[in-house]
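Residues per chain, in single letters:
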Amino acid sequence: MVFVRDPCGIICLIVTYGAIIYADYVVIYWIIPATMPLSIGAFNVALYNTVIFLLGMSHWRAAFSDPGFVPLPTKRLDFSDLHSGADQGGEWTLCTLCEIYRPPRAHHCTTCQRCICRADHHCPCINNCVGECNQKYFLQFLFYVGILCLYSVTLVLVSWIFPCAGCSKSLLESQLMHTIVLLMESTLFGLFVTLVMLDQLSVILYDETVLAAREQNGAYWSKRRRYQLLAQVFGPGHPMLWLLPRASLKDATRYHDAALLNHEV
Ligand SMILES: [Zn+2]
Ligand SMILES: [Zn+2]
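Right, let's walk through the structure included here. Source: prediction; values computed, not measured.

**Comments concerning the coordination of the zinc ion (ligand 2)**
Piece 1. In this structure, Cys 109 (SG), Cys 112 (SG), His 122 (ND1) and Cys 129 (SG) serve as the protein donors to the zinc ion (ligand 2), at separations of 2.1 to 2.3 Å.
Piece 2. In this structure, the zinc ion (ligand 2) is coordinated by 4 donor atoms arranged in tetrahedral fashion, with angles at the metal of 103 to 115 degrees.
Piece 3. One chain supplies every donor for the zinc ion (ligand 2), spaced along it as C-x2-C-x9-H-x6-C.
Piece 4. Overall, Cys 129 belongs to the buried group, its relative accessible area being 3%.

Rendered as structure tokens:
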């Protein structure tokens, strides 16, 4: 388990969990009992909390699993012959802070103080880096936050269209206050995760497709090629399975090359 001791990241984690718990409280306590009959209400509570469960699972995995740290050598490496690393793996580079050889697209993160394979960015929301091994969980987290925001906005609108008939004025005022806060929270988070998700997908699909296009004579937007690029992040299998925050086989076999290189040089 990975836990980065970064005060900013820890505050962001608390804010994220706090916002989700507050949304659940407003929906269960203020919206559903006053707006719906028992059976429809129970169904919505179950569905809303299923989304929260999947969101929590993917967030937990993104936050506390290894993002793809380049394995550290078991003994100090001899860097007197710098070409030995490059010869073995193309554009491999040397990180003088970690004292390791790292594969192409690996970068050093100053917060995690390690090199990360296929590093994307350090995200305070998950208090961890987004890299080769947890980008899938990060995208799932963004997806479920988006779904939860959409669901919350819908429930708020339903509560406004069908106000509680037998409720007192003070109760209705409290409900209105909480629903306004939830609407603002959902809109803000919803827009934010949509933008981050689009950016992530464009990096996965576009950056690599430019390279792939040269190899494949411009046929880079084919369905098959897009599947291949996404499968590099989400693992092989049906795209429906990509939404489940389960560990994939790739996690167990990753950076075999980096481990070999740093241990053998
Ligand atoms: Zn490094
Ligand atoms: Zn980091």
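**A closer look at the packing of aromatic side chains**
Piece 1. The final tally for this structure, using the stated rule, is 9 aromatic pairs.
Piece 2. Relative to Phe 64, the ring of Phe 3 has its centre 6.1 Å away and its plane inclined at 20 degrees; by these criteria the two rings are stacked. With Phe 3 in the segment before helix H1 (7-35) and Phe 64 in helix H2 (residues 38-64), this pair connects stretches of sequence that are 61 residues apart.
Piece 3. We classify Phe 3 as partly exposed; its relative accessible area is 42%.

**Regarding the coordination of the zinc ion (ligand 1)**
Piece 1. Taken together, the protein ligands of the zinc ion (ligand 1) are Cys 95 (SG), Cys 98 (SG), His 108 (ND1) and Cys 115 (SG), with distances of 2.0 to 2.3 Å.
Piece 2. Viewed at the metal, the 4 donor atoms of the zinc ion (ligand 1) are separated by angles of 100 to 119 degrees, and the geometry they form is tetrahedral.
Piece 3. Counting gaps between the donor residues of the zinc ion (ligand 1) yields the pattern C-x2-C-x9-H-x6-C.
Piece 4. What makes His 108 partly exposed here is its relative accessible area of 23%.
Piece 5. Look at Cys 115 and you get buried, because its relative accessible area is 1%.

Here is what the cut-offs are and how they apply
- Residues numbered from 1 in each chain as written.
- Chains lettered and ligands numbered in written order.
- Predicted model: local features only at pLDDT ≥ 70, side-chain atom pairs only at ≥ 80, totals over all residues.
- Heavy atoms only, no water.
- Donors = N, O, S within 2.8 Å, 3.2 Å for Na, K, Ca; no water.
- Tetrahedral: all angles 85-135°; square planar, octahedral: opposite > 155°, others 65-115°.
- Buried < 20%, exposed > 50% of the residue type's maximum accessible area, 1.4 Å probe, protein only.
- Phe/Tyr/Trp six-rings, centres within 6.5 Å; stacked < 30°, edge-to-face > 60°.
- Helix = DSSP H or I, 4+ residues; strand = E, 2+ residues; numbered from the N terminus.

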